[in-house]
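Coordinate inspection notes
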Amino acid sequence: MKVAEFIDLNTRSWNIGLLQDYFTQDQVEEILNIIPLTQLEDKMIWSLTTNVNQKLNRYNPAYDDICSRCQEEEESTTHMLIHCNYARSIWNAIFPDITQDLSNTDNIQHWIKTWDKKDSTINFGRQSNVNLIVITMWFIWKTRCELVFEGKHCSINNLKARVYNYCNENKIHTDNQLIQLQVLRSRSNNMENRRHNMNKWSPPLRGRLKINIDAFVLPGNHYAGISLIIRDFTGQLVEAWTLVERVRDITQAEAVAALKALQWIIQLQIQNVIVEGDNKKVMDSINGMCNISP
């Protein structure tokens, strides 16, 4: 049950009968002391902590106010999430379009408050971008805690994969073109090792479309970045899709990419489509020319 389900929208008050079905009388009385808010405009009410370690120092004198990652500057919220070298690398890898804005930001709270302006680079009118930024900040904080309390170091590529996988698993909408750019950038690191398997792209016949699929698995984990690109016979980009999936190995990742391409064709209701991939074993198996062991 969600909190909203306990509120009678007609009277804008608690549904006492429903509350009594789920809670004890003491709990019901405490809930009734809370005035439910309905149909109010959203506004920021969270006051950001200005200095993370300084606040922790109140409870444990062992904590100092130096950044846990770079060990160079005071670990303010703005420094930790934006200005630390680690954070800068994360933003450059996930959202390079806002790195200039971040360089000019002295206070993260002031920056977030600008999101309600329509002429702002980041604004609530483009919810997909806001989703990606907020989730990225949360993972920067989460991995910082893992470093401080568990001694775990998270690489840039691993954090990026965790962000994309979280968005994918929770069906959180993000900017497809942005994710596509990041996946293609990540793929470029592996391109040299696979160059001998790559052929020049050949266009489909006039009136047909071609979906090119590819996948890569980050070293040391089982998360795969998958990219699908639809182009017409002129080479013009029609649509692009990227996602993160948990897989056993690269062969399974390529097979999942092919499956997603076929599902995408059905979803888009398009015809005369060629699916092309660079993993010969997977493509031959789909065409019935060989078998892949389970």
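Before any of the text, the structure's been laid out above.
Residues numbered from 1 in each chain as written. Predicted model: local features only at pLDDT ≥ 70, side-chain atom pairs only at ≥ 80, totals over all residues. Heavy atoms only, no water.

1. Describing unusual backbone geometry
Of note in the backbone geometry, Gln-269 takes a positive phi value of approximately 55 degrees without being a glycine. Counting through the fold element by element, Gln-269 comes out in the loop between helix H11 (250-268) and strand E6 (273-277). Assessed through its relative accessible area of 71%, Gln-269 is described here as exposed. Of note in the backbone geometry, Asn-272 takes a positive phi value of approximately 55 degrees without being a glycine. Its location among the elements puts Asn-272 in the loop between H11 and E6. Overall, Asn-272 belongs to the partly exposed group, its relative accessible area being 48%. (Helix = DSSP H or I, 4+ residues; strand = E, 2+ residues; numbered from the N terminus. Buried < 20%, exposed > 50% of the residue type's maximum accessible area, 1.4 Å probe, protein only.)

2. Some words on the side chain of Asn-279
Along the chain, Asn-279 turns up in the loop between E6 and helix H12 (280-286). A distance of 3.2 Å separates a polar atom in the side chain of Asn-279 from the backbone nitrogen of Lys-281. There is a polar contact of 3.1 Å between the side chain of Asn-279 and the backbone nitrogen of Val-282. Non-local contacts of Asn-279, meaning those with residues more than four positions away in its chain, are made with Thr-251 and Glu-254. (Polar contact = N/O pair within 3.5 Å; in protein donor to acceptor, adjacent residues only side chain to side chain. Contact = heavy atoms within 4.5 Å.)

3. Quick look at the nonpolar core
In this structure, Trp-91, Trp-111, Ile-133 and Val-163 are the most contacted members of the largest nonpolar core, which totals 32 residues. Looking at this core, the elements that each hand over two or more residues are helix H4 (77-83), helix H5 (85-94), helix H7 (108-113), helix H8 (127-150) and helix H9 (156-169). No other element matches H8, which puts 7 residues into this core. The contacts of Trp-111, once residues within four sequence positions are left out, are Ile-82, Ile-98, Asp-101, Leu-102, Thr-105, Ile-122 and Ile-133. One finds Ile-213, Ala-215, Ile-230 and Ala-253 within the second-largest nonpolar core, a separate group that totals 18 residues. (Core = buried A, V, L, I, M, F, W, Y, C linked by side-chain atoms within 4.5 Å.)

4. Regarding the packing of aromatic side chains
Taken as a whole and judged by the stated rule, the model has 7 aromatic pairs. Pairing Phe-6 with Tyr-22 gives two aromatic rings, centres 5.5 Å apart and planes at 90 degrees, and the pair type is edge-to-face. Of this pair, Phe-6 sits in the segment before strand E1 (7-8) while Tyr-22 is found in helix H1 (residues 16-22), placing the two residues 16 residues apart along the sequence. Centroid distance Trp-111 to Trp-115: 5.1 Å. Interplanar angle 85 degrees. Geometry classified as edge-to-face. Both residues of the pair, Trp-111 and Trp-115, belong to the buried class. Here a set of aromatic residues connected by ring pairs shows up, and it is made of Phe-6, Tyr-22 and Phe-23. The ring of Tyr-86 has Arg-69 sitting right over it, with the charged end atom 3.8 Å from the ring centre. Sitting over the face of the ring of Trp-201, Arg-231 holds its NZ or CZ atom 4.3 Å from the ring centroid. (Phe/Tyr/Trp six-rings, centres within 6.5 Å; stacked < 30°, edge-to-face > 60°. Lys NZ or Arg CZ within 6 Å of the ring centre and 35° of its normal.)

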